[in-house]
Amino acid sequence: MFRTALRNVLAHKARLLMTVLAVMLGVAFVSGTLIFTDTYKNAATSQTAKSYAHVDVQVEENTDYVGDSPGISRKTLDEVTRLRGVAGAVGRVDGLAYVADRDGGLIASGLFNSGANFAPGKDGKDPLYAFTDGSGPTGPGQIALDKDTADKGGYRVGDRVSVALKGPAKRYELSGVFTTEDTSVASGGSLVLFDTPSAQRLFLRPGFFETLTVTAAPGVSSTGLAAAVGKVLPDSAKAETGRQLADENAKLVEGDATLLGGILFAFAGVALFVSVFLIANTFTMLAAQRTRELALLRAVGASRPQVTRSVLIEAMVVGAVGSAAGLGLGAVLAAVARATVEFDGGTPDGPLIVTSTTVLVAAVVGVLVTMLAAWLPARRAAKIPPVAAIGSAHLPATTRSLILRNSLGAVATLLGAAVVVAGTGTAGSGGGAVVGFGALLAATGVIVLIPLLSRPVIAVVRPLLRRGFGVSGVLAGQNAVRSPRRTGATASALAIGLTLVSALTVLGVTLGHSTDRMTTDIVKADYMVTADGARLDASAGAALRKVPGVRAVSPEQPAWMRLDGVQEDVSAVTPADFDKTLRLPVVSGSQGTLAKGQIAVAEDEARSHGWKVGDTLLAVYEDSGKSHRLTVGAVFASNEVVRPVVVSTDVIAPDTTDAFLSKIYVTTDGSTDEKALADALAGRPGTRVDDRQDIRDELSGAFDTVLDVLYALLAISLVIAVLGVVNTLAMSVFERQREVGMLRAVGLDRRGVTRMIQLEAVVIAVFGAVIGIGLGSFLGWAFCELTKADIPGYALVLPWGRFGLFLLLAALVGLLAALWPARSAARLNMLTAIKSE
């Protein structure tokens, strides 16, 4: 039977090609995810290890310390240096610094744009940096740049370079260019070196450091040295070994990679699930086409288990071939993802990692999925009686089996829908689990019912086919419902993909619409000024106020505090200007209480912690560690415009040591424009001026971006569904060779045959799309209901335009999928086709 199975695979290799492709794509998604996450973890962990390779012990801020700490003093550095077993100790200080190109734009944007101090030893060298040209900065007017940044900006030693920290950029002389293993540079950012006194003044305060790097003397263990160093440190600092720091960062990297891998695996699972329908359909049709052959095997002595094993061996071979090809494609996809996907500025360099686990998973997943999908067709094949060797080439499903299938499908669909509706009324995270279970149950029921649904749904369009396309349309409609199970299995693959796409679209568009409407209601300002990564300061607001036609300038300062023990993000504003640029959607209390030193709290935060207007909360400021009592003066609807807590800058100013602005809102009398505002901010690299439409696009456009990413992740599932349509049509044409020959013989020309196959494909694809859009809309509504409490001004939005686009794309998919089968059918030799069995 093993030789028989191999012979059958080789004999039907053309008809199994689409199945191999489906397995290949599903396995490629899985293996590509594993390779990419392993590669990212390896590169990021290696980069972290390199950055701490020079560190035996590092002294840094003690996060458990409560109180105001200016940093690590020079006195502490000297005490550490004098300890037995210390070969040397260096103080480090760093912060954000942004390098401008020659046109005033930022060379690199994002979080990894750093500045640090150059700390040379007795030999005049800093072990962290290897200079390729020039030397380190020696005075307040000099800087050094990493080589990548210098190359991007076209800077050479001796050039004047603009660098921004807070406020307008200042020009420095470039003293040197260096290479480094620093994570900022490895992640695609920039690194600027200042002399130590300048760095302390710019990033911290004179005479203080953020960290100390301690080098152990020969023969001294880093663990023992860390313990000795810890004894001379103040309570505000702690000592850790370089190995401990590297391990802590490695755990963070592993957590990020695990989260990313989980998301990608979810979509890979969808792709594999869709491929199951293609595989099952293929083996079902192959078994039907080989009814006489399988019956002859039974007649000459093959048992039912032997026939089942024969079909499963075929599936195993197909799965193995698809797995091998999928592993190779997965490696290509991972390499492409590594080159294009960015994590906060870039992905660290490193080799592509293909582990034995990845190879094993790819093989197991491909073979197992294929064999499971082929199991039911194999059982049906084994039930073919020997007498079928002289009977029909096709044995229809029994009435009993169809009734049982439709009954189970109806029960699962109704029960799933009821569970979904019940879940929408369940509070808390439990509601999501209930809706998710109900959605799975309802989707399973609909898939089981699809063969039954195909007749009434397709019957709606059959008159249109007849009137629009004549005989070809009539035949296409009849062919589409001739085998409801086959049509259902083909349409199911498209329906699953479009169910997810439609549900995500309903949720995303509803959230985007609500955010857009809320933004329009809240933002009264004409313009919003932000800086791409760089920081704005009070001088930017002062410059804007001098522009003719400006009526109000409202800066927003980000801050952080603990309210009654709860960590909160804070927007600090100037109340008088805030009232002229933003209108808080106040639920209770008054926005005017901000001017009285009270705070406004987002509704979801207030509800979570039981806060209400008039409550007095204990506020602990992050910068100073000091505490004050603050009164809740207003509760407002949660939104994306301001942070969950709003307070006057006058309240937090005494306890803020590192004040900067995240954005500035500007209201004008209509006589000024973006250019005038941008000109007022000249010399601040990365500064951007947005008008009202830009503000709306920025705040609500995030949902469209997320949808685009999700669409891309679902693309492989839809491609597999398309392969299913192609496969079904191609095998159907093979089955109907005699029928096609007879149609040609009675007068249907090649164009008519081509049109018939194309219309059949379009009908099946649109049928799957209709089912998917309908089910997806229902599930999208359910998930919107779950989140409506957190959506200000919630109103369900059904994106009819996008649904129409999905239907058009489904029809186009059907046309494209029919190209090869239609061409094959049209080119059949009439006499040869009539003589075929």
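Conventions and cut-offs
Position numbers for residues count from 1 along each chain, tracking the sequence in the order it is written. Note on the predicted model: pLDDT of at least 70 is required for a residue's local features to be given, and 80 or more for side-chain atom pairs to be given and counted; whole-chain, interface and lining totals, by contrast, use all residues. Note that the side-chain values use all heavy atoms of the structure and ignore hydrogens as well as water. Per the convention used, a helix needs a DSSP run of H or I reaching at least four residues, while a strand needs a run of E reaching at least two, with both numbered from the N terminus. Residue contacts are defined here by distance: any two heavy atoms, one from each residue, within 4.5 Å place the two residues in contact. We get accessible surface area from the Shrake-Rupley algorithm with a probe of 1.4 Å; when it comes to residues, only the shown protein chains can shield them. When charges are tallied, Lys and Arg are placed among the positive residues and Asp and Glu among the negative ones, while His and the ends of the chain are skipped. For the purpose of locating charges, the reference atoms are NZ of Lys, CZ of Arg, CG of Asp and CD of Glu. Among buried residues, the Ala, Val, Leu, Ile, Met, Phe, Trp, Tyr and Cys ones that are joined through side-chain atoms within 4.5 Å form a nonpolar core. With a 1.4 Å probe rolled over the protein chains alone, any residue whose accessible area is under 20% of its type maximum counts as buried; one over 50% counts as exposed, and the rest are partly exposed. Note on definitions: angles span 0 to 180 degrees between N-to-C directions of axes, and those axes are lines fitted to C-alpha atoms, for helices only across the stretch in contact. In a left-handed crossing the near helix is turned counterclockwise from the far helix by less than a right angle, and in a right-handed crossing that turn is clockwise. By the convention adopted, Pro, Cys, Tyr, Trp, Phe, Met, Ile, Leu, Val and Ala count as nonpolar, Lys, Arg, Asp and Glu as charged, and the other residues, Gly among them, as polar. What the arc covers is the set of directions going from the helix axis to the C-beta atoms.

Caption draft 1: Summary view of the overall build of the protein. Scanning the protein for helices and strands turns up 25 helices and 24 strands. For the C-alpha atoms alone, the extent of the protein along its principal axes is close to 100 × 65 × 50 Å. Residue pairs at least 24 apart in sequence account for 82% of intrachain contacts in the protein once pairs closer than 6 positions are excluded. Accessible surface computed for the protein: about 37400 Å², of which carbon and sulfur atoms make up 60%. Charge centroids of the protein, computed over 77 positive and 73 negative side chains, lie 15 Å from each other.

Caption draft 2: Structural context of the nonpolar core. Grouped together as the largest cluster of nonpolar side chains are 81 residues, with contacts concentrated most on Phe29, Val274, Phe283, Leu294, Ile720 and Ile757. Other than its neighbours up to four places away in sequence, Leu294 contacts Ala287, Val307, Ala381 and Ile384. The next biggest cluster of nonpolar side chains, apart from the first, holds 21 residues, and it includes Val435, Ile450, Leu465 and Phe767.

Caption draft 3: Spotlight on unusual backbone geometry. With a phi close to 50°, Asp564 is a non-glycine residue in the positive phi region. For Asp564, the location among the structural elements is in the loop between β16 (550–563) and β17 (566–573). Owing to a relative accessible area of 42%, Asp564 belongs among the partly exposed residues under this scheme.

Caption draft 4: Representation of the packing of helix α14 (residues 484–522) against helix α22 (residues 750–787) within the structure. Two numbers describe how α14 lies on α22: the axes approach to 6 Å, and their chain directions differ by 35°. Crossing geometry of α14 relative to α22 is assigned as right-handed. Its residues assigned to classes, the contact of α14 with α22 comprises 18 nonpolar, 11 polar and no charged.

Caption draft 5: Region of the structure containing helix α3 (residues 74–81). Listed in full, the buried residues belonging to α3 are Thr76, Leu77 and Val80. The buried residues of α3 all sit within an arc of 100° when viewed along its axis, so they share a single face. On its buried face, α3 sits against β2 (72–73), β3 (86–92), β12 (208–209), β13 (211–216) and α7 (222–231).

No statement about biological role is implied by the geometric values presented.
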